[in-house]
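# Overview (structure and organization)
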Amino acid sequence: MTKKSTKSKKTQRKNPFFESVKHYSTSERVHFVVGLLICFFTAYTGIAVISFFFTGAADQSIVGNLGVTDILSKKGAVSNWAGIRGAYTANVVMNRWFGIPSLFLLFFMGSAGFKLMRLCKINLLKRFLICSILTIWSSLFLAFSFSWAGDGFFFYLGGQHGYLLSEWLTGNIGHIGVILLLLAGLILIAVFLSKQTVPALQSRLSFGHLGKNTNDKSFTPGNNNDNAGYDLPYDENVDDDPDDPDESYDIAAADEPGYIYNHPVMKGEFTVEVAKGEDDSYDRSELGAYNPRLDLSAYKFPEVNLLKKYDQSDMQVDMTEQNDNQKRIKKTLEDFGINIISIKATIGPTITLYEVIQDKGVRISKIRNLEDDIAQSLSALGIRIIAPMPGKGTIGIEAPNKNPQIVSMESVIASRKFGESKYELPIALGRTITNEVFMFDLTKMPHLLVAGATGQGKSVGLNAIIASLLYKKHPSELKFVLVDPKMVEFNIYEDIERHYLAKLPDMDHSIITDFNNVIDTLKSLCKEMDDRYDLLMKAHVRNLSEYNAKFISRHLNPEKGHKYMPYIVVIIDEFGDLIMTAGKEIEMPIARIAQKARAVGIHMIIATQRPSTNIITGTIKANFPARIAFKVSSMIDSRTILDSPGANKLVGRGDLLFSQGNETTRVQCALVNTDEIEDIVRFIGDQPGFETAYMLPEALDENKEGGTGSIDLSNRDPLFEDAARLIVIQQQGSTSLIQRKFAIGYNRAGRLMDQLEAAGIVGAFDGNKGRQVLITDEYSLEQKLNVLQN
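In this report, the structure presented in the accompanying data block is examined. Residue indices begin from 1 for each chain and proceed along its sequence in written order. Local features in this predicted model are restricted to residues of pLDDT 70 or higher, and side-chain atom pairs are both shown and tallied only at a pLDDT of 80 or more, whereas totals for entire chains, interfaces and linings draw on every residue. Here the side-chain values reflect all heavy atoms present in the structure, with hydrogen atoms and water set aside.

Turning our attention to the overall build of the chain. Looking only at helices and strands, one finds 26 helices and 15 strands in the chain. Taken over 790 residues, the chain has a buried fraction of 48%. We call two residues in contact when some of their heavy atoms are within 4.5 Å. Counting contacts in the chain only where the partners sit at least 6 residues apart, residues at least 24 apart contribute 70% of the total. Comment: elements are numbered from the N terminus, with helices defined as DSSP H or I runs of at least four residues and strands as E runs of at least two. Remark: exposure states derive from per-residue accessible area (1.4 Å probe, protein chains only) relative to the maximum for the residue type, with buried under 20%, exposed over 50%, and partly exposed in between.

What follows deals with helix α19 (residues 584-596). Each helix should span, by expectation, one fewer than its residue count multiplied by 1.5 Å. If you check α19, its first and last C-alpha atoms are 18 Å apart, about what 13 residues at 1.5 Å a residue would give, namely 18 Å. Among all positions of α19, only Ile586, Glu587, Pro589, Ile590, Ala591, Ile593 and Ala594 are buried. Its buried side turned inward, α19 meets α16 (515-539), β10 (567-572), α18 (575-582), β11 (602-608) and α20 (618-623).

So, about the packing of aromatic side chains. Note on aromatic pairs: the rings of Phe, Tyr and Trp (six-membered ring only in Trp) are paired at centre separations within 6.5 Å, and the planes decide the class, stacked below 30 degrees, edge-to-face beyond 60, tilted for the rest. For the coordinates displayed, the defined rule picks out twelve aromatic pairs. Three or more aromatic residues link up through ring pairs in this structure, and these residues are Tyr299, Phe301, Phe480 and Tyr500. Lysine NZ or arginine CZ positioned within 6 Å of the ring centre and within 35 degrees of the ring normal marks a charge as sitting over the ring. Positioned above the aromatic ring of Phe418, the side-chain terminus of Lys472 is 5.5 Å from the ring centre. In this structure, Lys596 is placed above the aromatic ring of Tyr533, and the distance from its NZ or CZ to the ring centre is 5.2 Å.

A word on the pattern of salt bridges. In the sections that follow, a salt bridge refers to a side-chain nitrogen of Lys or Arg positioned within 4 Å of a carboxyl oxygen of Asp or Glu. The full count for this structure, using the stated rule, is 28 salt bridges. Ionic pairing is found between Glu698 and Arg751, a salt bridge with its closest N-O pair at 3.4 Å. With a gap of 53 residues between them, Glu698 in the loop between β15 (694-695) and α23 (720-730) and Arg751 in helix α25 (residues 746-758) connect regions that are remote in the sequence. Look at the salt bridges and you will find they share partners, linking Arg384, Glu398, Asp655 and Arg666 into a network.

Here we have four strands laid out as an open sheet, ordered β1-β2-β4-β3, and antiparallel in their pairing. Two strands close off the open sheet at either side, each with one partner strand: β1 (340-347) and β3 (384-386). Put simply, the sheet's adjacent strands are angled 20° from each other on average, direction ignored. Paired strands, as defined in this entry, are two strands with at least two bridges between them according to DSSP. In terms of strand pairing, β3 meets strand β4 (residues 395-400) through three bridges, oriented antiparallel. Looking at the pairing, Arg384 lines up with Glu398 of β4. Helix axes use the C-alpha atoms of the stretch in contact, all axes being lines fitted to C-alpha atoms, and the angles between their N-to-C directions lie in the range 0 to 180 degrees. The strands that helix α9 (residues 319-335) touches are β1, β2 (351-358) and β4; relative to β2, the one it contacts most, it runs at about 40°.

Bringing the pairing of strand β6 (residues 437-441) into the picture now. Consecutive residues of a regular strand have side chains that alternate between opposite faces of the sheet. Taken across its five residues, β6 has five buried, putting it largely inside the fold. Here β6 shows two buried faces, one formed by Val437, Met439 and Asp441 and the other by Phe438 and Phe440. Looking at chain direction, strand β5 (residues 426-432) and β6 are connected through five bridges and run antiparallel. Across the sheet, the residue bridging to Arg431 is Val437, located in β6. Hairpin connection between β5 and β6: a loop of four residues separates the two successive antiparallel strands, and Asn435 in this loop has a positive phi of roughly 70°.

Let's shift gears to the nonpolar core. The tendency in soluble globular proteins is for nonpolar side chains to be buried side by side. If you look at the biggest cluster of nonpolar residues, it comprises 112 residues, and the most contacted ones within it are Leu448, Phe480, Tyr493 and Ile586. No other element matches α16, which puts nine residues into this core. If sequence neighbours within four positions are ignored, Leu448 has contacts with Phe440, Leu442, Ile465, Met604, Ile605, Ile606, Phe624, Ala626, Arg627, Ile628 and Phe658. Definition of nonpolar core: a set of buried residues of the types Ala, Val, Leu, Ile, Met, Phe, Trp, Tyr and Cys, connected through side-chain atoms within 4.5 Å. Counting 22 residues, the second largest nonpolar core, distinct from the first, contains Ala723, Ile727, Val728 and Val773.

What follows is the structure, encoded as structure tokens:
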């Protein structure tokens, strides 16, 4: 912490002309008007160019032989839809410039207009370079390709630019050289336009790559990603069939919840022999590391410019205010007989910390008891005394600034600290009293309790947490379970369902609002937790990070049920409503998840505006060591959430206390408004996602009888008979066989298998052995089906 200088800076005189220019150049209204004019001009030129294709031949003799002044004197003598100016402009663009590829330039101009009007968010420089390169290449291509046409067209298809460039290149490097140049240019354009171009070329040009049999005509080169090469691909969300340990997958299930397969297996490819044992690995000599992000290889992270940037340049530290406050604090303490050796100020965005060193013999408690008197002398809404400061020999007095600054989410996300963070689940919450970016790793918390009175910044804080993770984690690495009893806070995230959200298979919406669905989802998360622990045990690792690292390095075999597992972050807003409605049915699964789920990558964040003891019970507090407290109404509420006073002394509007263990940090939460979240969600939602949301497993209902005796065969699946014929023909009682053949989800295939068992077509599940097929021929099966129909 540094002591602020008491000398005020001299205000430089500003040039009115430059200030006026600066104002108009940054005015959004000016940007909109300029963008609108550009769009109008682009539309007019576009109409003239389109008309040129139909009327250009008729206008050729006029615009080609006369100057613009002479043309204007012949009013009504041209046929172009845009008039005389349009005919002349179209002739210049189409004949003298780049010909048909000039449309790329018009596309760029329209994009620039829309950008200025803030109707779209694009990288204008990138679009300009792409349009320029496409214009030049297309101009040369058309001119060279149609050089044989001679006078067959009334204009140069590639413009005079393309014609002259084609003639010059042909004379220097010949026709073959021009063809090779055009081909090279096309490949370079494709490389820069798509990240999938290079993998696609490599997979098609690398003969015999990864030991594939190139003489086998059935071979097809995967999905253009580095994961191709697993001859035994798998779905990251779907459990492998326990009934069929020797299965091999042919295709991805079309409606399977969760993920798209990395690489389709084709019959006749090479096979991998795997030694017995759950953690035995593949022959990794030629495979390379598995990359989970290649399931959505074209995914782009949100851009920082989606967030609003607040101009803080004019907000300077009011040194007069700071000096006056120091004098008032010192005088107040001296009035009560407390001598001060030194006092210094550390100025934050909304709070200033005054560190006081008292004279020898002065008890700390004596200063702490003067909190209200100091607040009165400073005319402050409320102050907080930290006595003593942790790790220092000083007493801290926190007082609000009269003119607080806004901490924007943009300044936090764009910071070097966030950009270079190596946290597994990095959350950038805001800035501390020393104006440093405050971050923490959710995996180290491992669960978070958030509380605050209505309107004090709790919802903004939750959005800041979600935004931090969206800016750092790929959809294949992170899933959210969002619970919103109020039905208004999280519905904005519905559009990223196929990218980041998780839900139960039978739920219509991924944002959970119904109390019954909340209970079912929590039970499902408990099952997901148990399933993950089983995989960790088989892999001989202690946590999800170690497990995924082992899977990425190809040490775990997908045929043994192993898969890459994303982190799951469960966020429950207004936890108090759930507790008041469902009580123990909600509290117990939450407590179980909080106690055990850390190691398997499931983390919970629960929030409430009523931090009372009947809401935040001892069970909840014991399992949520990390706490965030926004301003609360009473000291009792502060003690409930933090086990100490202080939250009742906050100033509101995002002012918060973050507590973990014995350490408490005051933070100004970053402001991220609804419009910014909508832009982020729209940016993600417009990109290709997975086929569905990440599907959680169906939890068993403990109130229902187990076994197949409760299955109603009068309500059979429409695929029941087809599945029965498949099983009998193949003589293989495999759930995944049904799944692959009919391109359905694993859960539906499992229900079909239960119905087949209840009908006596297959036997019961028998550990690692496949189910026994009880009917040996199709004739016997048809008799069985006829009986069921009757």
